[in-house]
Amino acid sequence: MGALPQSAPSRIRPPPERIPPVSALLVSRLKTAAAAVVLSATAVLPIATAQSAHAATRVDNPYVGAGVYVNPEWSSKAAAEPGGSAVSNQPTAVWLDRIAAINGASGSMGLRAHLDAAVQQAAGKPYVFQVVIYDLPGRDCAALASNGELGPTELPRYKSEFIDPIAAILADPAYANLRIVTTIEIDSLPNLVTNAGGTATATPACDTMKANGNYVNGVGYALAKLGAIPNVYNYVDAGHHGWLGWDSNLQPAIDMLKQAATASGSTVNNVQGFIVNTANYSALHEPNFTIDDTVNGTSVRQSKWVDWNRYVDEASYAKAWRDKAIASGFNSNIGMLIDTSRNGWGGANRPAGPGPKTTVDAYIEGGRIDRRFQAGNWCNQSGAGLGERPKAAPEAGIAAYVWVKPPGESDGASSAIANDEGKGFDRMCDPTYTGNARNNNNMSGALANAPVAGHWFSAQFQELLKNAYPALGGGTSDTTAPSVPTGLAGTATSSSVALTWAASTDNVGVTGYDIYRGGVLVGSSTGTSFTSTGLTASTAYSFTVRAKDAAGNVSAASAALSVTTTSGGTTDTTAPSVPTGLAGTATSSSVALTWAASTDNVGVTGYDIYRGGVLVGSSTGTSFTNTGLTASTAYSYTVRAKDAAGNVSAASTALVVTTSSNGGGGSTGCAATYKISSDWGAGFNADVTVTNTGTAATKGWKVTWTFPGNQQITNLWNGVLTQSGQSVSVVNQGYNGAIGAGASASFGFGANYSGANGVPTLTCTAS
């Protein structure tokens, strides 16, 4: 198969149609209700979570131990809907999608009013206030339903009329005890990766925004300005797995976000984390299959739905994004947020178990809980439901499940509707639309009769209630328990028993399993395996397992399994020996590692593999292949052995392996062209196109020139800049060095000058 596909981006919708100010009675009611909205931590992030008495000292996870603001405007609309009171006290984000929203428009609450209400709800306790910053110049260049008010070149207005006033309000000492969590500029930066620069889905609007640098510089300015406020936590939008999950998209997207995080005076220290699935519908977990499954020897990656993606759900994507972002230079304590407001996919159409293993498509289609026609569909999706309720630290690597997109707000009008908000009509919101290249020409799956983006859409809210997962109380009760787990088996060491069993089925869906030892609950699992630790050597233990669903129904116990631990005496505290003989064989994009087996007083259970000090995988054997690497690049690896008791060896001696070049036979060469795209007298933007003039693919390129005047480059994208005086050198980024014969890549920059702005002569060299 050729280049991996680039799926359609999620589209983020502006805030709700405004309503008159809520009464003091409503604010009081919400203050009381919100006292209970403290997101419980059910798991611990692999980072510190020490709390501070004052919010001005940032904590690693702002959600742990804190309440979260309930937006009274959204709450009143939700409560007015039949059945809406079941969720009307859930915390949702405040959206600032235009300059007028800062002070409030058409009788709505402005930013200060919301912050004042949050202070009242907090009542002196730790409290999170969530706000979406969403008004970049030329906003959302690949869609029409969420176009913004600022034109592509209006970066100065974005800074002075939007970001600066917001920063001034957030910095008010009256709000210093709030933990203010921002979601920074959804969709725009990922669009520069998949929908600009010659990709199959590129749009002229995205090409313009990539060329002028205003997305990158706007986000950098917002991060620098807001990050200077000590109780603000910036989370940058990272798309979703159905958009950026392919190998060809993920690392370039991280590189693009890092470029923005270090633009306009910002640094990565202004980024506290990332958010995925914002205002989208991608499933949190796909419980009925994994990316590693095969059917008759064929990988599920080859199915029509997965379509060679590396990830099948948002949880796996978010964790991978975090690991790769840290490896790319972001701080090691960054957290991940997942918007679960509309990705529940419950109701009657939710599969109860895996599909038939006849073909990969039958297996995936029969088991996937995300029932969209295609993962790129983003507008008012039919069949969607409310997802997991907001929760702090719900699983390892995830800071919180959040409801950033308030359920019930339209993604876009299903037909053209005149409005004064700058919001156009996008055919992806038309239920009769048969699709385009961004969703592989599938039906849109949108609900009919939808209003303009951000306005209240009662029919969608009712759809979300009906299909909520976990299900809401008050509807038709699910009283059917899952089937009894079968096939319980176990493997023992002297201090632990590793259990496995076959998956149960349920009329709605199995949510997990409870594991009992001697009739006493000892743990739970969302999968079909569990390890019971801390056991005594040479002792018989009896285990049973029960399945459960979201409604609280629990199956009968499985048949009991008796397992006897091996001899071993006292608790095992001895680590395995250090792995030796680490060796590697490289291709242009992978390194295959092997090593000699370690020994242990009880037994080695596996090995952890580190690249540059960052864990990249695990193996139960003595080999591992690290993929997705860059050609002609040196990588450093170490390996640690581990045993069943959790003891881990010291690291092996480091091995440095350099990947091979990816060029074939033939000649290499390149030419560069220089074009000034805009010039305003004291500064200008320019585009440089690099064309491969040889007969073999390049591995990298370098463009040099000497400015004839006093031009000084202030920012550059899609390349690495060195300027000394008037001499300039630009080399490729890791993702755009390989150019096929006759193909092109491009970079651009902004610069200041005085006097004449002459065009330099460029020299291009390829490797």
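Here, every reference points to the structure presented above.
Residues numbered from 1 in each chain as written. Predicted model: local features only at pLDDT ≥ 70, side-chain atom pairs only at ≥ 80, totals over all residues. Heavy atoms only, no water.

A.B. asks: Looking at this structure, how should I read the nonpolar core?
C.D. replies: Within soluble globular proteins, side chains that are nonpolar generally end up buried alongside one another. Ile133, Phe274 and Trp321 are the most contacted members of the largest nonpolar core, which has 78 residues in total. Looking at this core, the element that brings in the most residues is helix α5 (residues 155-170), giving 8 residues. Apart from residues no more than four positions distant in its own chain, Trp321 is found in contact with Ala238, Leu244, Leu250, Ala253, Ile254, Leu257, Phe274 and Met336. The next biggest cluster of nonpolar side chains, apart from the first, holds 23 residues, and it includes Trp705, Ala745, Phe747 and Leu762. (Core = buried A, V, L, I, M, F, W, Y, C linked by side-chain atoms within 4.5 Å. Buried < 20%, exposed > 50% of the residue type's maximum accessible area, 1.4 Å probe, protein only. Helix = DSSP H or I, 4+ residues; strand = E, 2+ residues; numbered from the N terminus. Contact = heavy atoms within 4.5 Å.)

A.B. asks: I'm lost on the sheet that holds strand β32 (residues 744-752) in this one. Help?
C.D. replies: Backbone-to-backbone hydrogen bonds join strands into a sheet, with any given pair of strands oriented parallel or antiparallel. Spatial strand order, β26-β27-β32-β29: 4 strands in an open sheet with antiparallel pairing. The open sheet is flanked by β26 (670-679) and β29 (712-717), the only strands paired with a single partner. When strand polarity is set aside, the average angle formed by the axes of neighbouring strands in this sheet is 25°. In terms of strand pairing, β26 meets strand β27 (residues 683-692) through 9 bridges, oriented antiparallel. By the bridge assignment for β27, Thr673 is matched with Thr689. (Pairing = 2+ DSSP bridges. Axes fitted to C-alpha atoms, helices over the stretch in contact; angles between N-to-C directions.)

A.B. asks: Before we go on, may I ask you to explain the state of the cysteines in this structure?
C.D. replies: Covalent bonding between the sulfur atoms of two cysteines defines a disulfide. Tallied over the full model, the rule gives 3 disulfides. Covalently, Cys141 is tied to Cys206 through a disulfide, its sulfur atoms 2.0 Å apart. Negative torsions about the S-S bond denote left-handed disulfides, and the value of about 95° found for Cys141 with Cys206 makes this one right-handed. Taken together, the residues span a long stretch of sequence, with Cys141 in the loop between β3 (127-133) and α5 and Cys206 in helix α7 (residues 204-212) at a distance of 65 residues. Disulfide partners in the protein chain, listed by the sequence order of the bonded cysteines, are 1-2, 3-4, 5-6. (Disulfide = S-S within 2.5 Å.)

A.B. asks: Would you mind going over the pairing of strand β6 (residues 273-276) with me for this structure?
C.D. replies: For a regular strand, side chains alternate in direction, first toward one face of the sheet and then toward the other. Every second residue of β6 is oriented toward a common face, with Gly273 and Ile275 on one face and Phe274 and Val276 on the other, all of them buried. In this structure, strand β5 (residues 232-237) lies alongside β6, joined through 3 bridges in parallel fashion. Its bridge partner lying in β6, Tyr235 is registered against Gly273. Both β6 and strand β9 (residues 335-339) contribute to a ladder of 4 bridges, which runs parallel. Following the sheet pairing, Phe274 is matched in β9 by Met336.

A.B. asks: Looking at this structure, how should I read the pattern of salt bridges?
C.D. replies: Pairing is possible between side chains that carry opposite charge, provided their charged atoms lie close to one another. A full pass over the atoms with the stated rule returns 17 salt bridges. With a closest N to O distance of 2.9 Å, Asp411 and Arg342 form a salt bridge. With Asp411 in the loop between β11 (398-402) and α13 (458-466) and Arg342 in the loop between β9 and α12 (360-367), this pair connects stretches of sequence that are 69 residues apart. Of the two residues, Asp411 and Arg342, neither departs from the other in class, the shared state being buried. Notably, a salt bridge pairs Asp514 with Lys548, separated by 2.9 Å at the nearest N-O pair. Pair noted here: Asp514 is in strand β14 (residues 510-517) and Lys548 is in strand β17 (residues 540-549), with a separation of 34 residues, a long-range link. Taking relative accessible area as the criterion, Asp514 reaches 10% and is therefore assigned buried. Note on Lys548: relative accessible area 25%, which makes it partly exposed. A single network of salt bridges, built from pairs that share partners, joins Glu154, Arg157 and Glu161. (Salt bridge = Lys/Arg side-chain N within 4 Å of Asp/Glu carboxyl O.)

A.B. asks: Looking at this structure, how should I read the sheet that holds strand β16 (residues 529-532)?
C.D. replies: Spatial strand order, β12-β13-β16: 3 strands in an open sheet with antiparallel pairing. Looking along the sheet, the strands with just one partner apiece sit at the ends: β12 (486-492) and β16. Direction aside, the axes of adjacent strands within the sheet are offset by 20° on average. In this structure, β12 lies alongside strand β13 (residues 497-502), joined through 5 bridges in antiparallel fashion. When the sheet's bridge partners are listed, Ala492 is paired in β13 with Val497.

A.B. asks: I keep staring at helix α8 (residues 214-227) and nothing clicks. Help me out?
C.D. replies: With 14 residues, α8 extends 19 Å from end C-alpha to end C-alpha; this agrees with the ideal 20 Å at 1.5 Å per step. The buried fraction of α8 is high, at 12 of 14 residues. Buried within α8 we find Asn214, Tyr215, Val216, Asn217, Gly218, Val219, Gly220, Tyr221, Ala222, Leu223, Leu226 and Gly227. (Expected span 1.5 Å × (residues − 1).)

A.B. asks: I'm lost on the environment of Ala459 in this one. Help?
C.D. replies: Within the secondary structure layout, Ala459 lies in helix α13. For Ala459, a relative accessible area of 45% puts it in the partly exposed group. When the C-alpha atoms of Ala459 and Asn449 are compared, they prove to be 8.7 Å apart, with 10 residues separating the residues in sequence.

A.B. asks: What's the story with the pairing of β9 in this structure? I'm lost.
C.D. replies: Of all 5 residues that make up β9, 5 are buried, and the element is covered over most of its length. The alternating pattern of β9 places Gly335, Leu337 and Asp339 and Met336 and Ile338 on opposite faces, both of which are buried. Bridge count between β9 and β11: 3 bridges; the pairing is parallel. Residue Leu337 lies in a different strand from β11, and its bridge partner there is Ala400.

So yeah, pure geometry; function would need other evidence.
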